[in-house]
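Structural description and commentary
In case you want the letters, here they are:
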Amino acid sequence: MLIDERSCVGCGECLKYCPMRAISLEGETAKVDQDLCAECGVCARLGVCLEDAFVVPPELPWPRSIRSIFSDPLTEFEATGVTGRGTEEMKTNDVTERYKPGWVGVCVDVGRPNVGCRLRDIDTLARAIALLGVEFETLNPVSYLMESKSMGALMKEVLDERVVSGIIEFTIPVEKVVEVVQALKAVEGEVDTVFSVGVISRVVDGDIPARRHLESAGMSVAPNGKTNVGMGR
Ligand code: SF4
Ligand code: SF4
């Protein structure tokens, strides 16, 4: 995002709306720190600038275009045709019975508004879990950006890109779910952001096998139910 310095009157109104704290006042003019900006589009879209000073770039060059895909809910990721982080997310995908019997989906939500993350952080976490032989979800921009799925390694040219958040998605046999959490915990100090882990599992005759595995390993679980009425099919 850019600001037209000739239009900006330095009122400072836009600063509080930027979820990445990328806008600051320099004298009488607001500036966007291009390294911090995630190209989420919030500042321009909200219409808070009465001077209409925000300049939306017509097209972002590669690899900066990645920022918008992960951060602007209106930007579509061409390969999946999905807006908003480029994935329909596994809790939706499960409706179509894509998981093998005995397998569960796992999503790792990396970053969040006001914190953000670099794709370098996503790379660190993806590499840690790739060692367990997970199957990365194909319809997800993180997986598209991998130069090696077996290593969970993202393309080097995207590692410094800053985004609001991204989701790593993969499937794994349910008995490996504890190892996944342990692998992520082992590298949590190496990432400069926050992340949360979700396990997508059906309730089978009142039992959630993934929950059993995690709780028997001493891990606390916060179940979050979703009743599907079948429209996904
Ligand atoms: S709201 Fe507009 S005029 Fe005010 S500081 Fe931001 S860009 Fe400048
Ligand atoms: S596009 Fe988003 S991150 Fe960039 S300056 Fe505007 S609100 Fe901040």
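With that settled, the discussion passes to the overall build of the chain. Helix and strand content of the chain: seven helices and 14 strands. If you line up the chain on its principal axes, its C-alpha atoms span 65 × 40 × 30 Å. Counting the 233 residues in the chain, one finds 46% classified as buried. Once local pairs closer than 6 in sequence are excluded, the contacts in the chain between residues at least 24 apart make up 73%. Just so you have it, the chain exposes about 12500 Å², and 51% of that area is on carbon and sulfur atoms.

Looking at ligand 2, there are 13 residues lining it, with Cys18, Cys37, Cys40, Gly41 and Cys43 nearest. Looking at side-chain class alone, the shell around ligand 2 contains eleven nonpolar, one polar and one charged residues.

By the secondary structure assignment, Asn140 is in the loop between β9 (135-136) and α5 (141-144). Here Asn140 is in contact with Thr80, Gly86, Thr87, Ile167 and Glu169, once residues within four sequence places are set aside.

Let us now look at the pattern of salt bridges. The tally for this structure, following the rule as stated, stands at twelve salt bridges. Between Arg45 and Asp72 there is a salt bridge, and its shortest N-O distance comes to 3.1 Å. Placement of Arg45 in helix α1 (residues 42-45) and of Asp72 in the loop between α2 (65-71) and β5 (76-77) is noted, with a sequence separation of 27 residues between them. For Arg45, a relative accessible area of 38% gives the class partly exposed. For Asp72, a relative accessible area of 11% translates into the label buried. Arg127 is the salt-bridge partner of Asp123, the closest N and O atoms lying 2.9 Å from each other. Of the two residues, Asp123 and Arg127 are both situated in helix α4 (residues 119-130); the distance of four residues between them amounts to about one turn of the helix. The partly exposed category is assigned to Arg127, whose relative accessible area is 35%.

Attention now goes to the environment of Ile66. Residue position: Ile66 is located in helix α2. Once the C-alpha coordinates of Ile66 and Lys185 are considered, the two residues, 119 residues apart in sequence, prove to be 27 Å apart. With residues near it in sequence (within four places) discarded, Ile66 still touches Leu119, Leu145, Val158 and Val163.

Backbone torsion omega between Trp62 and Pro63 reads 0 degrees, so that peptide bond is classified as cis. Residue position: Pro63 is located in the loop between β4 (54-55) and α2. One non-glycine residue, Arg21, lies in the positive phi region at around 50 degrees. Mapped onto the secondary structure, Arg21 falls in the loop between β1 (2-3) and β2 (23-26). Not every positive phi belongs to a glycine, and Asn114 is a case in point at roughly 75 degrees. Assignment of secondary structure puts Asn114 in the loop between β7 (103-110) and β8 (117-118). On the basis of relative accessible area, Asn114 is assigned to the partly exposed category, the value being 45%.

About the thresholds
- Residues numbered from 1 in each chain as written.
- Chains lettered and ligands numbered in written order.
- Predicted model: local features only at pLDDT ≥ 70, side-chain atom pairs only at ≥ 80, totals over all residues.
- Heavy atoms only, no water.
- Helix = DSSP H or I, 4+ residues; strand = E, 2+ residues; numbered from the N terminus.
- Buried < 20%, exposed > 50% of the residue type's maximum accessible area, 1.4 Å probe, protein only.
- Contact = heavy atoms within 4.5 Å.
- Areas by Shrake-Rupley, 256 points an atom, 1.4 Å probe, with all protein chains shown as cover.
- Near = heavy atom within 4 Å.
- Nonpolar A, V, L, I, M, F, W, Y, C, P; charged D, E, K, R; others polar.
- Salt bridge = Lys/Arg side-chain N within 4 Å of Asp/Glu carboxyl O.

Distances and angles like these do not, on their own, reveal function.
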